[in-house]
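Below, each chain spelled out in residue letters.
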Amino acid sequence: MPTLTMVHEIGGHAMTCLATGGQLVDLGAFYINCDSDGVVARRLVALSGVAIDALLGGVAFIVWRTFLQRDLPRLIGWYVWLSLCFSAAGYFLFSGVSGIGDLGPDANGGIGPLAYPLAWRAAFTAFGVAAYVFLVKSGIRTLNGMIGQGLQTKQARRTIAHGFYAVLCVAAVAASLPNPVGLFVTLASATAASFGGKAGLISIGYATRVQGEPQSFEVDRSWLIFALGLIASAAFALVLGPTVRFG
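Notes on the structure follow. (Residues numbered from 1 in each chain as written. Predicted model: local features only at pLDDT ≥ 70, side-chain atom pairs only at ≥ 80, totals over all residues. Heavy atoms only, no water.)

## With respect to the environment of Val97
- Looking at the secondary structure, you find Val97 in helix H3 (residues 71–98).
- Sequence separation of Val97 and Arg121 is 24 residues, and the distance between their C-alpha atoms is 6.5 Å.
- Excluding residues that lie within four positions of it along the chain, Val97 makes contacts with Arg121 and Thr125. (Helix = DSSP H or I, 4+ residues; strand = E, 2+ residues; numbered from the N terminus. Contact = heavy atoms within 4.5 Å.)

## Comments concerning the packing of helix H1 (residues 2–19) against helix H8 (residues 223–240)
- Here H1 crosses H8 at 40 degrees, and the two axes come no closer than 9 Å. Compared by their axis directions, H1 and H8 come out oblique. Facing Pro2, Thr5 and Met6 of H1, the residues of H8 in contact are Ala232, Ser233, Phe236 and Leu240.
- Across the contact of H1 with H8, the residue classes break down as 5 nonpolar, 2 polar and no charged. (Axes fitted to C-alpha atoms, helices over the stretch in contact; angles between N-to-C directions. Parallel < 35°, antiparallel > 145°, perpendicular 65-115°, else oblique. Nonpolar A, V, L, I, M, F, W, Y, C, P; charged D, E, K, R; others polar.)

## Considerations on the pattern of salt bridges
- This structure, assessed with the given rule, holds 2 salt bridges.
- Across the salt bridge formed by Asp26 and Arg245, the nearest N and O atoms sit 2.9 Å from each other. In this pair, Asp26 sits in strand E1 (residues 23–27) while Arg245 sits in strand E3 (residues 244–245), placing the two residues 219 residues apart along the sequence.
- Asp106 serves as the salt-bridge partner of Arg121, at 3.1 Å between the closest nitrogen and oxygen. Placement of Arg121 in helix H4 (residues 117–147) and of Asp106 in the loop between H3 and H4 is noted, with a sequence separation of 15 residues between them.
- On the accessibility criterion, Arg121 (17% relative accessible area) is buried. (Salt bridge = Lys/Arg side-chain N within 4 Å of Asp/Glu carboxyl O. Buried < 20%, exposed > 50% of the residue type's maximum accessible area, 1.4 Å probe, protein only.)

## Some thoughts on the environment of Ala46
- Along the chain, Ala46 falls in helix H2 (residues 39–66).
- Taking the C-alpha atoms as reference points, Ala46 and Ile111, 65 residues apart in sequence, are found 6.3 Å from one another.
- Not counting the four nearest positions on each side in its chain, Ala46 is found in contact with His13, Asp102, Gly110 and Ile111.

If you want it as structure tokens, here you go:
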């Protein structure tokens, strides 16, 4: 979660801010503040987070499908491409429903104000729903390809999907608590990227069918990965949670 969030915020928003001649003012765990030079630059900065999520999500899917053979790398790769794609679709849905966030067409939204904001919001909502449903079905199908189907896969399926969702939500809350902006950042950014953006994992975890056969899929407990996860999450919360200010 910290790595993929930094891809969105730093690799997307912050880099585009600098590339378009803007001044990076604040960098937080789930947001940046960019002093952009003009409306077009500001909108490019707002769009860049979703764009890089979608682009790298597609690349990660190709890598997962083509190159990853062992069970642990396959599981990690599955988390990466699905998380990035969920985030991209989640922003369309979140901004369409709320009118705020990176793709918000209203006056307080990332790409607003646009003419006919309700029409934009309806279009974003429809696209977000369609993309999200497609991704949930793709997540179920690809997870079936790794672990199989049938009642014997029930516990593994829930551990993989629900366990990951629970951990990333806890990490997102921990990282958003120190932010000086307040609860709005958690609602506008962490919700779209984590709680809402990855909520499709809940459906994936419940998608066990009675019929079907399990497949061999074994991932041993790794205390090294556990420790690295804690360190990365703690560093993310302590460094970016309170917000880094420039200038």
